[in-house]
Each structure stands twice: as structure tokens, then as C-alpha cells.
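One-letter residues, chain by chain:
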Amino acid sequence: MPLTLSISILSFLVGIAVGFPLAFIRVYEKETSFLVDAYEKIFRGIPEIVLMLLFFFGLGPYFPFPFNNAFFVAVFVLGLRSGANQSQIYRGAIHGVGNEQMIAGMSIGLSKWRSIWHIMVPQVFTFSTPGLGSEYALLIKDSAYVYVIFALAEIMTRAVQIRTSPPYDAVTPFVLAALIYIALTFPIAFWLDKWGNKRKKKIGL
Amino acid sequence: MADLVMEAKHVYKTYGKSNKKADTSTALKTQVEAVKDVSLQIRKGDIKLIFGPSGSGKSTFLRCLAMLDIPDKGEIYLGDECLTKPGVDLNKARARIGFVFQHIYLFRHLTALGNVELALRQVLKLPKEEARKRALDALTEVKVTDCVNKYPAQLSGGQAQRVGIARALARNPDIILLDEPTSALDPELTGEVIDTLRDLAKEGTTMLIVSHEMPFAREVAEEMIFYDEGTIIETGPPLQFFNAPNTDRARKFMTRIINRTTREY
């Protein structure tokens, strides 16, 4: 219980810290929004278990300070994944608040980013609450993955000791798995985006 | 020419050029020439009224004047500062232009007072006390005194629009642009907003108003501007329009509008 709660709460906070600014960048900084898009697709496209194993076994041996810690890796991965999800939630909320509020803000002499800060930010959270509730539930459930890392870590460490081979042998399968997942999720996400944009244009959104 | 507050020189604005930027109302049409070669001069203390069929581009032109829409071509001057030159601090310029929206667009998370105070605190950077005082003064001027601590959702349409006017007024702008300030309101609520505008007119506030409130126009406007299909068709004193417009289109429009007992959108 304490582990579940601390992982889910911490990763939720990381998610807010990452997702909130990303949502605004995605909506208001068209030039860089493709980077945000890529980030979201990667973290939503690869299963969190694969990401955790990748960071734990891939980076752990080289950067033992944070990455050799199962708890840290769980918060890190779930937080970034949640950031990708929350970015989408906030983006919907920004559209819900409406561009008119931005225009009104600029009409009184506020700059774009100050309008965002004084007018959009306080309203966006109110519009996001339903989505955030279900996102938190996801984190509670996914925090259980940390036990998988604990268990695997034990086994893998022993296996590595026995074979005395370098640790990246253990990593290659995870990298491959991640790539396969990306290949599976990307085309569908890409096609859905395209189709959605076309539809939106048709009905005048 | 020193008293020129705002000037538009050969302004053009077309919508739907790149499909991405098309806004909701015009997305269905491929290209809308909302503003075609429009020029206009407003002097200190002027009250001018723009009217014309809906969808003719009046609102877009008004937004161009406030640089809320950036014109494709042409120049906008605020005093002697050209706003359409690159590198101009538009935020500073917009702080000197009051804008009142048809659909009001009050900040929903702030009280009436908060709505008026925001620009005073964050744009003019006034100290708290002074900002509060000036905001309350502006709200008194539009006769909203009993609900300064209410949120926009708790206000009537007429109250909300008067708060909208106070928000534009409080920072003493050089000019106030009003985009159909009464046409989203119930008929019985338009009166109170019109009264507010009449008060402003008496005080010599410089205003450019898009409106179809003809009795009001006749009373306060020095000049009426008939706008259709993205351009100014006819300009003249109210009497010219009420008695005998020079152009056929203006005549037809006036007949239609005067024969209506209520407002025209």
C-alpha cells in the first residue's frame, strides 16, 4: 500500500509537471509541437513494463545512481507516461476553455504567454478534472509493475553473475521489444490523427 | 492631424488562405475577403458607427484595428505609431485600445472586479490599492456596483456586457472599439448597455462601434459607415442615411432595418 500510493502520487506529480507545459506548447507553439507529439507517441506507444525494464537494465549499470533503483525507475517511467497522457487531457481542456478567452486576454494588452498564465492556466485545471481522475486510477494500477522490476532484478543479477557476460545482452531484447511496439502503435496513431484532422476540417472545427 | 487617434490605410484581410488558420465561422468557405482596401480615420472624441449585413467583415475589420487579427496588407496607425510595421510591441499598443466583444468574453474565473482589475495590475502595473480604486470607478461608471464580487456566470447579459465595457474603459484607452455590444443580448437588456454607451458618448470617449441600434446611432454618431462585402460602401452623417442614402445598397439595407421593430443582427 505505501509503495503503491507513493509511486502513484509521485508519478502523478511528475505527470503534471511534464504534461501541463507540454499541452500549452503543443497548442500555442506550432513550430515545436511536433517534438511534443513524438514524445507523446513514444511514451504512450511503448508498454510501461518494457520502458521500465529498458531503463532499469539498460541505464542502471551505467548510471547506477538513479537508474539502479526500482522505485525511481517506476516513478520516472510512469511519470513520463502520465505526462504524455495528461498533456492530451490538458490539451482538450485548453480547447474547452476556448480561444476567445485568449483573444480577450490579448485585447487588454497581455502578451500571449501572460494571457496563458493569467487566463488559461487557472481555467484549464477545472476543465481537466474528469480526465485526471481516470489518469490517476491508471497510475495506481500500474504502480504494481515495480514488483516486476524487483523480482526480475534479482533473477537477472544472478543470471548475469553466472554468465559473467556484459549487461547489455539483457538489454537488447527490451530495445527490440520497444521498437516493435512503436512500429505497431505509430501507424494507427498517425492514421487516426490524419483522419481526425480531415473530418474536423469537413465539419468546420 | 495631431488629433488623429487611429487610422487604417488600405487594409486587406482574407480568411482561409492556409486552411489551418480558418476559424470556425469561415472554415466552410474556402476564401473570404473580409476586409478589402478599407481606409478610415478616427479623431479624438469621434464617435463613428459601422453597420452592414452580417458576415460582411465588420468584426474582422475591427479586430484588425486592434491587431487581434493581423492584416494581410495595409497599415494601421495608433496615434502616429504604425502597428503593422514589424517589431512593434503590439501588447503595449493593445493596452491603449479598449475592445468590447459581441459575446462579451469575460474571464470566467475572475469576479467582475477581477476582470476589470487584471489589466490595471498586470499591464499597467498599478499598485493594488490604486488598481482596485480605478476598477471600482470604472464599474461605477457603467453602473455595476452591486455585483462587483460576482462571477460572470452569475451576471445577467446586460450586467456582463457593462462589465466588459468597464474592462475596456478602466485603463483609459485612446479609443474603444465595440463589436456589436448589444446584439447578443435579450432586447430588454440592450437598453441598459445603450444607456452606458450614451454616457460614454457624453463624456467625449472616442469610440468606433459596430452596431445596428439605429435610434442610438442617430443620437450619438457623428458619422455612420455602411460596410458590405468587405469594404466601405458609403460614409456620411446619420441624417444622410436616414433621409436619402447615396448608394443603392445602403438604401435597401436602411429600408430593411428601419422597417424592423426590433434589432437586426
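Residues numbered from 1 in each chain as written. Chains lettered and ligands numbered in written order. Predicted model: local features only at pLDDT ≥ 70, side-chain atom pairs only at ≥ 80, totals over all residues.

## As for the overall build of chain B
(1) Moving on: What chain B contains, in helices and strands, is 9 helices and 10 strands.
(2) Moving on: For 265 residues, the compact-globule estimate of 2.2 N^0.38 gives 18 Å, and chain B sits close to it at 18 Å.
(3) Moving on: Overall, the C-alpha framework of chain B stretches about 55 × 45 × 40 Å when taken along its three principal axes.
(4) Moving on: Look at the contacts in chain B between residues 6 or more apart in sequence, and 67% of them connect residues 24 or more apart. (Helix = DSSP H or I, 4+ residues; strand = E, 2+ residues; numbered from the N terminus. Rg over C-alpha atoms; globule rule 2.2 N^0.38 Å. Contact = placed C-beta atoms within 7 Å.)

## What about the sheet that holds strand 2 (residues 32–43) of chain B?
Pairing between the strands of a sheet comes from backbone hydrogen bonds, and it takes one of two forms, parallel or antiparallel.
(1) Moving on: What the 4 strands build is an open sheet, ordered 2-1-4-5 (chain B); its pairing is antiparallel. Edge positions in the sheet fall to strand 2 and strand 5 (81–82) of chain B, since each has one partner strand and no second. (Pairing = 2+ DSSP bridges.)

## Some thoughts on the pairing of strand 8 (residues 207–210) of chain B
Residues and elements named next belong to chain B.
(1) Moving on: Taking every second residue as pointing to the same face, both faces of strand 8 are buried, with M207 and I209 on one and L208 and V210 on the other.
(2) Moving on: Taken together, the 4 bridges between strand 3 (residues 47–51) and strand 8 define a ladder with parallel strand orientation. Paired with K48 across the two strands is L208, which belongs to strand 8.
(3) Moving on: As judged from the 4 bridges shared by strand 7 (residues 175–179) and strand 8, these two strands associate in the parallel manner. The residue of strand 8 that forms the bridge with D179 is V210.
(4) Moving on: With helix 6 (residues 187–202) bridging strand 7 and its parallel neighbour strand 8, the resulting β-α-β unit is right-handed. (Buried ≥ 20, exposed ≤ 12 C-beta atoms within 10 Å, placed from the backbone. Right-handed = clockwise from strand over helix to strand, strands pointing away.)

## A closer look at the pairing of strand 3 of chain B
Taken residue by residue, a regular strand's side chains alternate between the two faces of the sheet.
All names here are of chain B.
(1) Moving on: Among the 5 residues that make up strand 3, 5 are buried, leaving the element largely enclosed by the rest of the structure.
(2) Moving on: Covered by surrounding structure in strand 3 are I47, L49 and F51 together with K48 and I50, the residues of both alternating faces.
(3) Moving on: Note: strand 3 against strand 9 (residues 223–228), 4 bridges, orientation parallel. Its bridge partner being in strand 9, F51 is matched across the sheet by F226.

## Considerations on the interface of chain B and chain A
(1) Moving on: Each side of the interface is counted separately: chain B has 22 residues, and chain A has 18 residues.
(2) Moving on: Looking at the side of chain B that touches chain A, the elements with two or more residues in it are helix 2 (90–95) and helix 3 (112–122) of chain B.
(3) Moving on: In terms of residue class, the side of chain B that touches chain A is built from 12 nonpolar, 6 polar and 4 charged. (Nonpolar A, V, L, I, M, F, W, Y, C, P; charged D, E, K, R; others polar.)

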